[in-house]
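Letter by letter, the chains look like this.
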Amino acid sequence: MPTLSEADSKALLARHGVPVPAEALAASPAESAVAAARIGFPVVAKLCGAGLAHKTERGLVRLNLRDEAAVADAAAALLAAATPDDGDVGVLVGPMVSGLRELIAGLVRDPQFGPCVMLGVGGVLTEALGDVVFRLVPLTRADAAEMIDDLGTQGLLGPLRGEPAVDRERLVDVLVGLAAVAAAEPGIRSIDLNPLIVSAGTPVAVDALVETA
Amino acid sequence: MTDTLRAEQFRALFEPRGVIVAGASTHPAKFGFTALHNIRANGYRGRVFATNLEGGEILGVPVATDIADLPDGQADLVFVCTPAGANESLLRACAAKGVRAAFVTSAGYREAGGDGLAAERRLVGLADELGILMAGPNGQGLVSTPASLCAQIVAPYPPPGRISIASQSGNFVSSFMNYGVQTGIGVCRAVSAGNAAALGIGDLIAWYGEDPVTGVALAYVEGIEDGRAFYDQVRSVTPHKPVVLVKGGATPGGQRAAASHTGSLATEGRVFEGAMRQAGATLAEGVEQAYEVAATFATQPLPKGPNTVVVTTAGGWGVVTADAVWASSLRLLPLPEDLRAEIDRRLPPRWSRNNPVDMAGGETRDTIPEVLDLVAAHPEVDAVVYLGLGIQSNTARSLRAGPFYPDHGLERIVAFHERQDRRFAEAAAAVSESSGKPVLTATELAVCDPANPGPATVRDSGRLCYPSANRAVAALDAMWRYARWHRARAGEDA
């Protein structure tokens, strides 16, 4: 399945109101370092291209870079790791988002019900936990709020070890934004926002993968 | 299809002026006998005709050997018990007589494999062309109590009521109607959709939404061909009537291959559940819970909020019920101070003084009706669960059964005990009506000794006596979720 690059995926999502972190796509180590300085340290750098759906497995994500030199070194290594099959690539530099809780959200075109928005708990643990809910597009804010209420692990959404409660209105924004993408872009087959890290109470899509027909 | 034709077809299905049993039989084990028997035995007031190849008379009905011999315009429903091969010419002949609806029990269609699917498609196309609404094939029949119509090959014929049933399994219809017989909370329409080749479960649910005598739609669903259309049909009903569903085959087995994480998590069961919650339907875990929830919607007012008070005559029951309330979407209301003071004036100081209101055996003759009335009338209370009904009558039962009855004053005390439980059950219904709030009564005696005057009087009041507090709480929880679904959409749509 063809996929959009992470940068294009996030740009598309942002146009439809899904909150994404402020990031920059850089073509070289020097540009990466400049972008990082503008964003503020620490940052994360990832190799970014339309064919790069599974970056973590290939070691194409560098976390917690603390200064310009570290960013330039990481960017050089990432660009060197690209293969001809990866096509046009760049380095996506973004803020290092941290939080104790990971959620997952997405969009799928179900053969029976058509476009559906998904919300789940756990990021990489989602399958094991199985705490996942779906709703159909179009999605109202009331529908989205009920998705959040339907998660079984409600205790995870309240204040947790010094972090504030999950901002439900911001999470509703994410879900309603995904539905808006589905309504506006019939060519999109699926979207994964995984993980959606809860940072200071706000859900942030640190990775996004858009699959097109 | 025009709305006028559709209305006429559904009227023919559920309120026929006359019914033809095609393939009538003299053999009591055949569908063609049972159907005729059930239609004749349950008081159907329209005209009844029968046809088969032999002629003669069955159960007092003269049998025609040809549909063409029947009078024109006297029957608008045909109940088909003929072999599949005969059905196409049968439908043509029936249409010529003015028939607008057919219930087809015949097997040998899609479920049989081979040429069955092609035959089924031809029959669907033909019925459509003839303007006939077709239920089945391979279905077990239909019930319409407003017409005293029991056109089915299974039992039972349920008491009349406000619950209308649609099912992809004929035996599920029987199961639901058995609960109707047991509880006295009756049925309006019921259709075993069989292969649902033309008339689907969603079509029936949508029509029940328009049917003025249906109060609640109750359906058993297995596979759905067009999930989005089914969603729209359910969603057309829920703004004005509750829809209760049991889904078969909703286990996570049917996981789909997908490139995305989201796609691999989108199992049929999860997506169906999410869609139905979004549509405002109530998903029940099984036949028993589904009927209890439907019966609750049919007989209790919707709660306006989650604040629940448990009124009990014994402590343990109240504790368990409080746990069930906590685990639900309902809220165990901390007893308001003014209500506590009012109850204080009627009970000795050992009562619980909180919610659950445990009267701790401090009841005198009028305490229970008075406390129920005070609790239900309080503005902060949205719903009441009442436990302990039938205890006095249970004592009376053992006194009555022993060798000393009716002497030693036993006759008088037995009569008193039984009268009290009848009063309590009547009070529960009366305070519900006066307050406009749900008041649910639960005791295991509802099933352990249904003749006990407590549960028996609840039944006479037209309500359900729940077999346990947990089941009463589950039903109340479903009502509050439905009410909350409405509240969240107030102003959004009709």
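Residues numbered from 1 in each chain as written. Chains lettered and ligands numbered in written order. Predicted model: local features only at pLDDT ≥ 70, side-chain atom pairs only at ≥ 80, totals over all residues. Heavy atoms only, no water.

Residues and elements named next belong to chain B. All told, the structure shown has 1 cavity of 30 Å³ or more when counted by the stated rule. If you add up the space inside the largest cavity, you get close to 50 Å³. Lining the largest cavity are Gln300, Ala425, Ala428, Ala429, Val439, Leu440, Thr441, Val458, Ser461, Arg463 and Leu464. Residue composition of the lining of the largest cavity, by class: 7 nonpolar, 3 polar and 1 charged. (1 Å grid on protein atoms, 1.4 Å probe; cavity = no way out; pocket = protein on both sides within 12 Å on 5 of 7 lines; lining within 4 Å. Points joined across faces, edges and corners; volume = space filled by probe spheres on them. Nonpolar A, V, L, I, M, F, W, Y, C, P; charged D, E, K, R; others polar.)

Further remarks concern the sheet that holds strand E9 (residues 149-152) of chain B. All names here are of chain B. With mixed pairing, 7 strands are arranged side by side in an open sheet as E9-E8-E11-E10-E12-E13-E14. The strands lining the two open edges of the sheet, one partner per strand, are E9 and strand E14 (282-283). Bridge count for strand E8 (residues 141-144) against E9 is 4 bridges, and the pairing is antiparallel. Bridge pairing links Ser144 to Leu149 in E9. Across the sheet, helix H1 (residues 3-14) touches E8, E9 and strand E11 (187-192), and the angle it forms with E8 is around 90°. (Pairing = 2+ DSSP bridges. Helix = DSSP H or I, 4+ residues; strand = E, 2+ residues; numbered from the N terminus. Contact = heavy atoms within 4.5 Å. Axes fitted to C-alpha atoms, helices over the stretch in contact; angles between N-to-C directions.)

Residues and elements named next belong to chain B. The final tally for this structure, using the stated rule, is 13 aromatic pairs over all chains. When the ring of Phe79 is compared with that of Phe103, the centres are 5.5 Å apart and the planes differ by 10°; the resulting orientation is stacked. Of the two residues, Phe79 sits in strand E5 (residues 77-80) while Phe103 sits in strand E6 (residues 101-104), which places them 24 residues apart along the sequence. Using a relative accessible area of 0% as the deciding quantity, one classes Phe79 as buried. Residue Phe103 is classed as buried on the basis of its relative accessible area of 0%. Arranged with centres 6.1 Å apart and planes meeting at 20°, the rings of Tyr179 and Tyr291 form a pair that is stacked. Taken together, the residues Tyr179 in helix H5 (residues 170-183) and Tyr291 in helix H10 (residues 287-299) connect sequence positions 112 residues apart. Among the aromatic residues, those joined into a cluster by ring pairs are Phe172, Phe176, Tyr179, Tyr220 and Tyr291. Over the ring of Phe272 we find Lys247, and its NZ or CZ is 5.2 Å from the ring centre. (Phe/Tyr/Trp six-rings, centres within 6.5 Å; stacked < 30°, edge-to-face > 60°. Buried < 20%, exposed > 50% of the residue type's maximum accessible area, 1.4 Å probe, protein only. Lys NZ or Arg CZ within 6 Å of the ring centre and 35° of its normal.)

Looking now at unusual backbone geometry. Omega for the bond connecting A:Val137 with A:Pro138 falls within 30 degrees of zero, at 5°, which places this linkage in the cis form. Structurally, the position occupied by A:Pro138 is in the loop between strand E7 (132-136) and helix H5 (141-150). A cis amide bond links B:Ala155 with the next residue in sequence, B:Pro156, at an omega value of -5°. Take B:Pro156: it is sitting in the loop between E9 and strand E10 (160-167). At A:Arg161, a residue that is not glycine, the phi angle is positive and equals roughly 45°. Along the chain, the position of A:Arg161 falls in the loop between H5 and helix H6 (168-184).

When pLDDT is averaged along chain B, the result is 94; 97% of the residues meet or exceed 70. For this predicted complex, the interface score ipTM comes out at 0.93, alongside a pTM of 0.94. (pLDDT = per-residue confidence, 0-100.)

Okay, the interface of chain B and chain A next. Across the contact, 27 residues belong to chain B and 35 residues belong to chain A. Summed over both sides, the interface of chain B with chain A buries roughly 2400 Å², with 54% coming from carbon and sulfur. Sorting the residues of chain B by area buried against chain A places B:Arg228, B:Thr262 and B:Gln278 first, and these three jointly supply 26% of that buried surface. Counting every contact that joins chain B to chain A gives 3 salt bridges. For the salt bridge of A:Asp150 with B:Arg277, the shortest nitrogen-to-oxygen distance reads 3.4 Å. Linking chain B with chain A are 11 residue pairs in polar contact (both at pLDDT 80 or more). Examining the composition of the side of chain B that touches chain A, we find that 8 residues originate from one element, helix H9 (residues 268-278) of chain B, more than from any other. Split into classes, the residues belonging to the side of chain B that touches chain A amount to 11 nonpolar, 8 polar and 8 charged. (Buried area = accessible area lost by both parts, 1.4 Å probe. Salt bridge = Lys/Arg side-chain N within 4 Å of Asp/Glu carboxyl O. Polar contact = N/O pair within 3.5 Å; in protein donor to acceptor, adjacent residues only side chain to side chain.)

By volume, the largest pocket is sized at about 1200 Å³. Along the walls of the largest pocket sit 36 residues, with A:Asp150, B:Glu273, B:Arg277, B:Leu283 and B:Arg481 positioned nearest its centre. Looking at the lining of the largest pocket, the elements that each hand over two or more residues are E7 and H5 of chain A together with H9, E14, H10 and helix H18 (469-488) of chain B. The element that contributes the greatest number of residues to the lining of the largest pocket is H18(B), accounting for 7 residues. Approximately 810 Å³ is the volume attributed to the second largest pocket. For the second largest pocket, the lining is made up of 35 residues, of which A:Thr56, A:Asn194, A:Pro195, A:Val206 and A:Asp207 are closest to its centre. Sorting the residues of the lining of the second largest pocket by element identifies strand E2 (43-48), strand E3 (61-65) and strand E8 (188-199) of chain A as the ones contributing at least two each. Broken down by element, the residue count for the lining of the second largest pocket peaks at 4 residues, all from E8(A). Of the residues that constitute the lining of the second largest pocket, the class distribution is 18 nonpolar, 9 polar and 8 charged.

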